[in-house]
Amino acid sequence: MSKMDSPTLTEQEVNDIYTWVDIIPLSRPKKNIGRDFADGVLMAEIVHHYFPKLVELHNYSQANSIQTKQYNWSTLNTKVLKKLGFQLSQKDIDSVIQVEDRAIERVLKIVQEKIKYFKENESQIPETQKSPSHHNSDHLQQSMTNEKDQLIQEQRETIGILELKITKLEQLVKLKDSKIQTLMQKLQQLGYKF
């Protein structure tokens with residue numbers, strides 16, 4: 001798993017990020033998005049909104065000190081984002097904490113894409129997030145059945161190939177036996193005894 005540097009964004013992508021953030025209920029109003037997200041708390045809340053069991057919000061406290069902000073982002077990076085299959089680079093974390101221009105928007109874009117991916121591919125959601133609901137168990141059962149069917153089909157194909165090889169080898173042995181018999185008969189005709 002590599003640490004990701006955030007992408008550069010178009011104006012439209014930035015506006016889409018703002019719209020997306022606006023629909024998520026957060027604990028404090030957004031005034032200046034860069035400063036609001038600098039301590040990592042609102043990012044934890046966004047991930048928690050989509051994957052409640054993945055984020056323990058009590059681990060994140062509002063902060064003004066750089067040290068506490070670093071702690072929040074480090075915790076989020078190693079305990080949460082890693083389970084979503086990526087981690088932010090230290091460069092991006094520092095940029096967000098220092099409220100550099102468009103830093104949080106770029107990071108939000110990565111997080112949004114990962115959340116979208118996991119929502120579209122529910123079977124890929126990290127184990128701590130999966131709930132034992134009937135729907136999920138049906139989905140898991142269906143997935144396992146499909147995998148078993150595919151494995152059985154592959155094994156049948158392998159068996160078919162091996163049976164063809166056996167038949168060809170048997171034909172080769174018969175051909176060799178036939179050639180040996182012919183050669184032995186010629187040798188006997190020439191007077192060799194066996």
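Please read all numbers here as calculations on a predicted model, not as lab measurements.

Rules behind the numbers
- Residues numbered from 1 in each chain as written.
- Predicted model: local features only at pLDDT ≥ 70, side-chain atom pairs only at ≥ 80, totals over all residues.
- Heavy atoms only, no water.
- Helix = DSSP H or I, 4+ residues; strand = E, 2+ residues; numbered from the N terminus.
- Buried < 20%, exposed > 50% of the residue type's maximum accessible area, 1.4 Å probe, protein only.
- Contact = heavy atoms within 4.5 Å.
- Salt bridge = Lys/Arg side-chain N within 4 Å of Asp/Glu carboxyl O.

Asker: Give a description of the overall build of the protein chain that names residues and reports values.
Answerer: Along its length, the protein chain carries 7 helices and 2 strands. Mapped from its N terminus to its C terminus, the protein chain presents α and β elements in the order β-α-α-α-α-β-α-α-α. Looking at the protein chain residue by residue over its 194 residues, the buried ones come to 32%. For the protein chain, restricting intrachain contacts to residue pairs at least 6 apart in sequence, the fraction spanning at least 24 positions comes to 63%.

Asker: So what's going on with unusual backbone geometry? Residues and values would help.
Answerer: Positive phi outside glycine occurs at Val99, with the angle close to 55°. Residue position: Val99 is located in the loop between α5 (90-97) and α6 (103-120). Assessed through its relative accessible area of 33%, Val99 is described here as partly exposed. We note that Arg102 has phi near 65°; this positive angle belongs to a residue other than glycine.

Asker: So what's going on with the pattern of salt bridges? Which residues, and what values?
Answerer: A full pass over the atoms with the stated rule returns 4 salt bridges. Close ionic contact of Arg28 with Asp39 constitutes a salt bridge, the shortest N to O distance being 3.0 Å. You can see Arg28 sitting in the loop between α1 (11-22) and α2 (33-37) and its partner Asp39 sitting in the loop between α2 and α3 (41-50), a full 11 residues away along the chain. Residue Asp39 is classed as buried on the basis of its relative accessible area of 4%.

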